[in-house]
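One-letter residues, chain by chain:
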Amino acid sequence: MTTLCEQPPSTAPREDAPGLMLAALRACALAQGIAVITVTYDGYGDEGQIQDVTLAGAMNEETQIADEMAMPEVACTSWAVPYRGDATPIETTFKAAIDDLALEMLALKHGGWEDGEGAFGELVIDVAAGKATLEHSIRVVETECFTHEWGG
């Protein structure tokens, strides 16, 4: 008996992209034995970038500390989101899929995070749960204004 695999759609609305990207990344990570992906980023002065990506394997039952892993050099099917338009499926690298997901989640929730004083934060992906948590901090410059008059 032959079963037909469902083909992914050729495009998807941009608002669906983070979920699709997360599911695709999860499939790649599970195949590599990765349990947690942590992405740190920082931006200011109209520039922003991914600072670091760390990968951890499954928790060690004795120590409860996950071992850090090297970035695998593997292909990954994911989704690309152009500046304007719908998401489309692509073939990419595992590292690029992580970066693209982090940047898309930032653009969706905190567009302009790299402008002015900027922002920084961390995206933690729990691969087993299929869950991503973004902790985002913005930098704020405070201004106090005083007006004084003399005479009359």
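What counts and how
- Residues numbered from 1 in each chain as written.
- Predicted model: local features only at pLDDT ≥ 70, side-chain atom pairs only at ≥ 80, totals over all residues.
- Heavy atoms only, no water.
- Core = buried A, V, L, I, M, F, W, Y, C linked by side-chain atoms within 4.5 Å.
- Buried < 20%, exposed > 50% of the residue type's maximum accessible area, 1.4 Å probe, protein only.
- Helix = DSSP H or I, 4+ residues; strand = E, 2+ residues; numbered from the N terminus.
- Contact = heavy atoms within 4.5 Å.
- Expected span 1.5 Å × (residues − 1).
- Arc of directions from axis to C-beta.
- Disulfide = S-S within 2.5 Å.

## Quick notes on the nonpolar core
- Among the nonpolar cores identified, the biggest contains 29 residues, and L25, I37, V39, F94, I98 and I125 are the most heavily contacted of them.
- When contributions to this core are tallied by element, the ones reaching two or more residues are α1 (17-31), β1 (36-44), β2 (47-59), β4 (75-80), α2 (94-110) and β6 (119-126).
- With 7 residues, α2 is the single largest residue contributor to this core.
- Setting aside chain neighbours within four positions, we find L25 in contact with I37, F94, A97, I98, L101 and I125.

## Remarks on α1
- Relative to the 21 Å expected for 15 residues at 1.5 Å per residue, α1 spans 21 Å between its end C-alpha atoms, a close match to the ideal helical length.
- When α1 is considered as a whole, its buried residues turn out to be A17, P18, M21, L22, A24, L25, C28 and A29. Down the axis, α1 shows its buried residues gathered within 170 degrees of arc, on one side only.
- Residues of α1 that are buried make contact with β1, β4, α2, β6 and β7 (131-138).

## A word on the state of the cysteines
- Counted under the stated rule, the structure contains 1 disulfide.
- C28 shares a disulfide with C76; S-S distance 2.3 Å. Because the torsion about its S-S bond is 105 degrees, the bridge between C28 and C76 counts as right-handed. Taken together, the positions of C28 in helix α1 and C76 in strand β4 put the pair 48 residues apart, joining distant regions of the chain. Comparing C28 with C76 shows no difference in burial state: the two are buried.

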